[in-house]
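Architecture at a glance
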Amino acid sequence: MSSGEASTPTHSDQQWPRARRLSRLRASNRSDPLASLQSQRAASSQTSLNRRAAQSLLETIAEEFDIEDGDAHAPNMFAAPEEDVLENEAFQAAPLLTIHDPPPMQTKLIDLPLPDFHHLLCVKDTLDFIPEACVLKVRECYVMVMRKIIDNPQDVSWWLKLFSLPKVLLSHPNTTNDDRSTLSKQRKDNILAKTTLILADDWSSFTLGSLPINNKKRAQLTKPQIDALQMRKVEEFAKVGELGKAMKLCAADSFRPCEASHDTIRKLRDLHPHPCGYSINPNVLERMKSQVIRSSSREIFDLNGVKVRKLVKKKASKVAPGLDGFRWEHLRALFGQGRPEIPSEEVFAELFTSILVLLIDVKDVPSDVYKFLRLNKLVAIPKPDDSIRPIGMGSIFRKLCSSIIFTQTFSSHADFDGNPFNESYFKNLQYGVDERGCEKILLCFQQYLQLHPDHDLLCCDARNAFNSLSRLKGLEETFKYFKDLIPFMNKMYLEESFGCYYGLAEGVQKIESREGFHQGCILACWLFSMAFHPFLKQLSDIMETDGLVKAFVDDTTIAGTKTKILEALQVISAEGESIGFKLNVNKSVILLGRTETDAEALAKKSEYMTLGFSESCILIHPDNLPGSSASYGTKLLGCFIGHEDFIRSRIQAKAEKLKKIAGNMQKKVDSKQIQFLLLGQCFNAKVNYLSRTTSPDRMLPLLNEFESMKKTILEN
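Residues numbered from 1 in each chain as written. Predicted model: local features only at pLDDT ≥ 70, side-chain atom pairs only at ≥ 80, totals over all residues. Heavy atoms only, no water.

**Some points on the pairing of strand S2 (residues 375–382)**
With 6 of its 8 residues buried, S2 lies for the most part within the structure. Two strands pair when backbone bridges link them, and S2 and strand S5 (residues 498–504) are joined in this way by 3 bridges, in the parallel orientation. If you follow Leu375 over to S5, its bridge partner there is Phe498. Counting the residues that bridge the hairpin from S2 to strand S3 (residues 388–393) gives 5 residues, and of these Asp386 lies at a positive phi of roughly 75 degrees. (Buried < 20%, exposed > 50% of the residue type's maximum accessible area, 1.4 Å probe, protein only. Helix = DSSP H or I, 4+ residues; strand = E, 2+ residues; numbered from the N terminus. Pairing = 2+ DSSP bridges.)

This is how it looks when you write it as structure tokens:
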């Protein structure tokens with residue numbers, strides 16, 4: 001920028017030496033940076049420059065979740081790999097993976113198409129609060145932009161500005177979220193200067209290069225340093241009232257995502273499979289696509305600013321934001337308390353509600369807006385078996401629209417005599433939306449096995465079920481009962497969508513999500529249940545009075561005679577794959593019922609093994625295999641089912657885990673006040689679920705030990 005623009009709140013070029021050199025190479029094309037980008041990608045020499053620029057930027061990127069520590073023996077998560085991923089044949093053949101070079105640093109945000117907002121992943125995350133002195137001005141910016149959208153919803157440029165506001169205003173090079181820091185005045189002045197430009201509708205200085213890139217590099221920390229950092233994170237959660245998150249972090253051995261690597265990308269890609277091939281009636285699909293909301297979501301859901309404010313207040317703090325950096329803390333500050341003396345709070349609430357109405361109604365909103373809403377920031381969390389769990393972080397706008405829609409599924413429905421839909425439709429089969437669903441399933445099967453000790457129990461483990469089940473089936477079933485909900489759901493799931501991962505030197509990896517339901521989507525579990533329910537009913541019809549079928553979302557458990565179990569397995573094999581449900585025979589567990597002879601038990605086990613089940617996963621009843629009582633059982637929905645000896649041994653193992661957590665609370669939390677809060681609000685409840693699902697005589701030894709643990713924490 002010129003010397004005359006020195007006061008404009010942007011990053012100095014001195015912090016971008018390689019990017020600045022690349023910018024000079026492109027000086028002749030600055031009048032049209034996007035056209036320049038296209039021509040550079042077409043030329044191989046310029047592509048190599050782009051790649052070096054991407055690596056230069058990547059060296060400054062810090063980890064997700066504001067976690068600064070690293071495993072003492074792990075390589076830098078963002079270190080450049082030795083080989084070029086574009087030269088890796090496995091990656092070239094991957095159909096679901098797209099690698100994107102970043103645009104030039106001088107690209108204006110208003111020139112960056114909404115579907116390309118994944119490039120904002122390299123920008124420093126936003127502050128988790130709005131400085132109090134800036135709230136009014138920031139709210140004024142939002143009010144101006146939202147009014148422009150409401151006046152002309154089809155103008156995509158104002159939607160782009162709306163989604164850009166958090167990164168523009170609240171990304172700051174200062175690394176602390178402490179509002180009392182010595183740099184807080186500089187930060188406030190910076191934010192207020194930006195609001196002045198935005199209120200004048202001057203976005204010319206807001207380029208990718210003007211946004212703060214995270215230049216912290218992950219240090220190789222010692223174990224004591226990692227513990228200290230973990231303790232600080234625990235205290236941060238506790239101070240904002242997120243005691244559950246603080247407790248979870250306190251109990252964790254590790255709290256960092258997987259290291260960014262080609263292997264991590266492959267695992268993420270493999271978890272997003274091709275469509276399962278579910279065949280929907282073309283006429284139904286056409287009617288579904290053309291469905292429009294019958295009036296307005298404002299009337300259907302009785303929406304107003306007061307209701308939306310209450311909904312926002314319930315949302316948790318310290319939640320990682322989506323691509324736009326918009327946080328619940330920001331939104332709560334902007335909504336305010338609805339005080340009459342601050343009229344802008346009510347103005348903001350009503351305008352924001354109108355934006356949500358536009359998004360749910362679908363009618364007048366540009367398609368690029370929904371392309372942005374379908375973008376998910378992906379993080380890979382390690383699992384004990386060397387696999388990963390993908391975590392998705394989407395936009396707050398999508399989350400709020402989904403929350404509003406989800407509440408409608410609990411309302412009364414004409415097809416069920418005015419009774420609540422979820423309660424009536426899923427009754428006695430699917431418990432994923434039931435407040436006490438896990439407990440009900442466990443108690444049902446415990447009682448069933450007591451009454452029918454000769455029946456078998458099958459605990460199904462499906463392969464990547466959540467990401468594989470047919471989204472078309474879920475939408476088709478929803479269309480039968482909730483036609484007003486379909487337009488928004490179509491926009492989220494009928495068109496292309498991507499998970500965006502950043503961590504390698506090659507830039508952003510966009511992994512296409514073609515099947516299943518998006519990680520982090522509030523509607524995902526409900527849509528999964530809708531897609532899965534007809535199949536569950538089919539299995540239940542097979543069992544009739546000789547068995548039992550129940551599911552908690554994708555965790556399905558079946559009990560019955562061998563004949564009925566085998567019939568159910570045939571249906572799972574023949575029909576399940578058509579909707580994307582594939583049984584993992586290496587992890588599914590079968591508890592064989594008691595038989596009259598040992599030979600009969602062995603024959604039954606062999607019969608199941610011919611279907612592909614692992615021998616170690618088929619457990620013979622202790623009455624037919626003496627000495628096996630301690631291993632006859634399995635974990636079901638967080639509790640234990642099986643022989644008495646198995647349950648007692650697992651409860652004892654639970655006691656050891658609780659001792660470790662109690663030790664962590666004393667070692668990793670210095671504040672006695674936080675220790676006391678965690679003890680009373682979290683640790684004290686650690687045995688509640690187990691106590692509600694396990695007989696008192698089995699729980700008594702654990703409860704006695706648990707009392708001693710609590711006393712030890714209090715005494716120290």
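Next comes the rest of the description.
**A closer look at the confidence of the model for the protein**
Looking at the protein as a whole, its pLDDT mean stands at 84, while 83% of the residues score no less than 70. Here residues 1–95 scores under 50 on pLDDT; set against residues more than four positions off or in separate chains, the count is 179 contacts. (pLDDT = per-residue confidence, 0-100. Contact = heavy atoms within 4.5 Å.)

**Describing helix H7 (residues 184–199)**
Note: α-helices contain 3.6 residues per turn, so residues at a spacing of three or four share the same orientation. For H7, built from 16 residues, the straight-helix expectation of 22 Å at 1.5 Å per residue is met to within 8% by its first-to-last C-alpha distance of 22 Å. The complete set of buried residues in H7 reads Ser184, Arg187, Asn190, Ile191, Lys194, Thr195, Leu197 and Ile198. Projection of H7 onto a plane perpendicular to its axis shows the buried side chains occupying an angular sector of 160 degrees, all on one side. Across H7 from its buried face, at more than 90 degrees, point the exposed residues Lys185 and Thr196. Buried residues along H7 sit in contact with helix H5 (135–151) and helix H6 (156–170). Phi turns positive, to about 55 degrees, at Asp201, one or two residues after H7. (Expected span 1.5 Å × (residues − 1). Arc of directions from axis to C-beta.)

**Looking at the packing of aromatic side chains**
Describing an aromatic ring pair means giving the distance of the ring centres and the angle of the ring planes. Inspection of the entire model under this criterion finds 33 aromatic pairs. Plain terms: the ring middles of Tyr142 and Phe348 are 6.2 Å apart, the flat faces sit at 80 degrees to each other, and that makes the pair edge-to-face. Highlighted residues: Tyr142 in helix H5 and Phe348 in helix H15 (residues 343–361), separated in sequence by 206 residues. The pair formed by Tyr142 and Phe348 is uniform in burial state, with each residue classed as buried. Where Phe466 meets Phe528, the ring centres are 6.0 Å apart and the plane angle is 15 degrees; that geometry is what we call stacked. Pair noted here: Phe466 is in helix H20 (residues 465–468) and Phe528 is in helix H23 (residues 524–543), with a separation of 62 residues, a long-range link. With relative accessibility at 18%, the residue Phe466 sits in the buried group. (Phe/Tyr/Trp six-rings, centres within 6.5 Å; stacked < 30°, edge-to-face > 60°.)

**Digging into the packing of helix H21 (residues 471–481) against helix H22 (residues 486–493)**
Following both chains from N to C, one finds H21 and H22 inclined at 175 degrees, their axes separated by 11 Å at the closest point. Overall, the two elements H21 and H22 adopt an arrangement that is roughly antiparallel. Residues Arg471, Leu475, Thr478 and Phe479 of H21 pack against Ile486, Met489, Asn490 and Tyr493 of H22. By residue class, the composition of the contact of H21 with H22 is 5 nonpolar, 2 polar and 1 charged. (Axes fitted to C-alpha atoms, helices over the stretch in contact; angles between N-to-C directions. Parallel < 35°, antiparallel > 145°, perpendicular 65-115°, else oblique. Nonpolar A, V, L, I, M, F, W, Y, C, P; charged D, E, K, R; others polar.)

**Quick notes on the environment of Gly305**
Within the secondary structure, Gly305 sits in helix H13 (residues 305–313). Between the C-alpha atoms of Gly305 and Phe335, which are 30 residues apart in sequence, the distance is 8.7 Å. Ignoring anything within four residues of it in the chain, the contact list for Gly305 reads Phe335, Ala349, Glu350 and Thr353.

**Comments concerning the packing of helix H14 (residues 328–335) against H15**
Their axes nearest at 8 Å, the elements H14 and H15 cross at an angle of 125 degrees. With respect to H15, the element H14 is oriented oblique. Mapping the contact onto sequence places Leu331, Leu334 and Phe335 in H14 and Glu345, Phe348, Ala349 and Phe352 in H15. Among the residues forming the contact of H14 with H15, the class breakdown is 6 nonpolar, no polar and 1 charged.

**So, the sheet that holds strand S4 (residues 456–460)**
Pairing is mixed across the open sheet formed by 5 strands, whose spatial order is S7-S8-S4-S9-S10. Either end of the sheet is taken by a strand with one partner, and the two such strands are strand S7 (547–552) and strand S10 (618–619). Bridging between strand S9 (residues 589–591) and S10 involves 2 bridges; their strand directions are parallel. Looking across to S10, one finds that Leu591 is bridged to Leu619. Lying over the sheet, H23 contacts S7 and strand S8 (555–560), oriented at roughly 165 degrees with respect to S7. Together, S4 and S8 form the strand contacts of helix H24 (residues 562–575), whose direction differs from that of S8 by roughly 145 degrees.

**Description of the environment of Val571**
With respect to the secondary-structure elements, Val571 resides in helix H24. Residue class for Val571 comes out buried when judged on its relative accessible area of 14%. Apart from residues no more than four positions distant in its own chain, Val571 is found in contact with Phe535, Gln538, Leu539, Ile542 and Gly576.

**Structural notes on the pattern of salt bridges**
This structure, assessed with the given rule, holds 39 salt bridges. Close ionic contact of Lys587 with Asp385 constitutes a salt bridge, the shortest N to O distance being 3.1 Å. With a gap of 202 residues between them, Lys587 in the loop between H24 and S9 and Asp385 in the loop between S2 and S3 connect regions that are remote in the sequence. The partner of Lys440 in a salt bridge is Asp434, with the nearest N and O atoms 3.0 Å apart. (Salt bridge = Lys/Arg side-chain N within 4 Å of Asp/Glu carboxyl O.)

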